[in-house]
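One-letter residues, chain by chain:
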Amino acid sequence: MTRRGQDFPGRADPASGLERGSRSGSGFDSESGPEHGSGSGSEPRWSHVIRRGAGEAAVPHVLVDDVDAPALGADDRHHLERVLRLRSGARLTVGDGAGRWRQCLMGTVLEPVGAPGFDAAPEPRVTVGFAALKGGRSDHVVQKLTELGVDRIVPFTSARSVVRWDESRAARLLERWRRVAREAVMQCRRLWLPEIEPLRDFADLDIAGAALCAMSGRGLAPGERFLLVGPEGGWSDSEMAAVPRHVVLSDNVLRADTAAVAAATLLAAVRSGQMPSAPSAGPRGE
């Protein structure tokens, strides 16, 4: 694992432009400071991402099958060489989507620099379920939930969903959403791929611990880590009754895709310590 004085010190490395959010088990010096999550348990737990140092150019991050023997896929190589114009010898980071990562130099074959690092999965896990939307709006939702750090994404159809998908198309959608999430992980330099569940009917969901986003209800309660966002047509009465915990995201009527992003933002902010949950707000909209 990397240590202070090697290629990835706890603070920004002027040569690489990289800064890491230090986590337990990551191998970084514990003196890197609270801004990297290494302080007391009362301090915020920052997202598990590859960060760039202040004022430094972004360093590309790419997913590979094995960080011990990193190899670029054809599409990723094309993007790095033809779109980002990355030259031989340029720095980048690679990760396996399961917490392991390392720095490399670009070339015909990637040249690893230093030892691999590891970040444990963020805790507690946060989940957003959303009613799949027409057109490409579900792709947008998956992309944004990934960027915001959602650990589990649960797409579903509900009683008032505008469109329906047969089994074959639902399988293709799942494959596409997982590609979208992979691309978003690389863009935002996240170290863990989110879990994306297959599309299923609302009645078939495991809703244990879930809260439903609605126009009337309360603020997010302590310990709530699973929010459900309904379709364009809203929730049916039976769906509202199936999940008795109702959370209000806004005083305004939100588009379904906006509501999913708002739910993810709320969960991520509470987990990071940037804002508290607010059970004392009381019921709203009733």
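Predicted, not measured: the structure shown is a model, and the values here were computed from it.

Trainee: When you look at the overall build of the protein chain in this model, what are you seeing that I'm missing?
Mentor: Tallying secondary structure elements over the protein chain gives five helices and 13 strands in all. Within the protein chain, the fraction of its 286 residues that count as buried is 49%. Considering only contacts in the protein chain between residues 6 or more positions apart, those separated by 24 or more positions represent 70%. For the protein chain, the exposed surface amounts to about 13500 Å²; the carbon and sulfur share of it is 50%.

Trainee: Would you take a moment to explain the nonpolar core for this structure?
Mentor: Soluble globular proteins: nonpolar side chains tend toward being buried together. Counting residues in hydrophobic clusters, the biggest one holds 33 residues, and the most contacted among them are Phe130, Val142, Leu145 and Leu227. Sequence-distant contacts of Phe130, that is, excluding residues within four places in its chain, are made with Ser138, Val141, Val142, Leu145, Ile153, Val154, Pro155, Phe156, Val229 and Ala260. Residues Leu72, Leu86, Leu110 and Met186 belong to the second largest nonpolar core, which totals 15 residues.

Trainee: Could you clarify how one ought to interpret the packing of aromatic side chains in this entry?
Mentor: In this description, a pair of aromatic rings is defined by centroid distance and the angle of the planes. Summed over all chains, the structure comprises five aromatic pairs. Ring centres of Phe118 and Trp192 lie 6.4 Å apart, and the angle between their planes is 70 degrees; this geometry places the pair in the edge-to-face category. You can see Phe118 sitting in strand β6 (residues 111-118) and its partner Trp192 sitting in the loop between α3 (167-188) and β9 (195-196), a full 74 residues away along the chain. By relative accessible area, Phe118 is classed as partly exposed at 27%. The class of Trp192 is partly exposed, set by a relative accessible area of 22%. Grouped by ring-pair contacts, the aromatic residues Phe156, Phe202 and Trp235 constitute a single cluster. It is Arg152 that lies over the ring of Phe226; its NZ or CZ is 5.0 Å from the centre.

Trainee: Explain the sheet that holds strand β4 (residues 91-95) here, please?
Mentor: The strands that make up a sheet pair up through hydrogen bonds in the backbone, lying either parallel or antiparallel. Read from one edge to the other, the open sheet built from four strands follows the order β3-β4-β5-β6, with strand pairing classed as mixed. If you trace the sheet from one side to the other, it starts and ends with β3 (61-63) and β6, each paired once. Neighbour to neighbour, the strand axes of the sheet diverge by 25 degrees on average, direction disregarded. Two strands pair when backbone bridges link them, and strand β5 (residues 100-105) and β6 are joined in this way by five bridges, in the antiparallel orientation. Counterpart to Leu105 in the pairing with β6 is Glu111.

Trainee: Please clarify how the side chain of Thr146 should be interpreted in this entry.
Mentor: By the secondary structure assignment, Thr146 is in helix α2 (residues 137-148). Among the residues examined, Thr146 registers a relative accessible area of 0% and is labelled buried. Apart from the residues lying within four places of it in its own chain, the contact partners of Thr146 are Ile153, Ala181, Ala184, Val185, Cys188, Arg190 and Pro194.

Trainee: What exactly am I supposed to notice about α2 here?
Mentor: Structurally, the α-helix is built with 3.6 residues per turn, so residues lying three or four positions apart point the same way. The end-to-end C-alpha distance of α2, which contains 12 residues, comes to 17 Å, matching closely the 16 Å that a straight helix rising 1.5 Å per residue would cover. Buried within α2 we find Arg137, Ser138, Asp139, Val141, Val142, Leu145 and Thr146. Lining the buried residues of α2 we find β7 (127-131), β8 (152-157), α3, β9 and α5 (256-272). Immediately downstream of α2, the backbone of Gly149 shows phi near 95 degrees, a positive value.

Trainee: What's the story with the pairing of β8 in this structure? I'm lost.
Mentor: Within β8, six of the six residues are buried, which leaves it mostly tucked inside the rest of the structure. Taking every second residue as pointing to the same face, both faces of β8 are buried, with Arg152, Val154 and Phe156 on one and Ile153, Pro155 and Thr157 on the other. Here five bridges tie β7 to β8, and the two strands are oriented parallel to one another. Pairing of Val128 across the sheet is with Ile153, part of β8.

Procedures and definitions
Residues numbered from 1 in each chain as written. Predicted model: local features only at pLDDT ≥ 70, side-chain atom pairs only at ≥ 80, totals over all residues. Heavy atoms only, no water. Helix = DSSP H or I, 4+ residues; strand = E, 2+ residues; numbered from the N terminus. Buried < 20%, exposed > 50% of the residue type's maximum accessible area, 1.4 Å probe, protein only. Contact = heavy atoms within 4.5 Å. Areas by Shrake-Rupley, 256 points an atom, 1.4 Å probe, with all protein chains shown as cover. Core = buried A, V, L, I, M, F, W, Y, C linked by side-chain atoms within 4.5 Å. Phe/Tyr/Trp six-rings, centres within 6.5 Å; stacked < 30°, edge-to-face > 60°. Lys NZ or Arg CZ within 6 Å of the ring centre and 35° of its normal. Pairing = 2+ DSSP bridges. Axes fitted to C-alpha atoms, helices over the stretch in contact; angles between N-to-C directions. Expected span 1.5 Å × (residues − 1).

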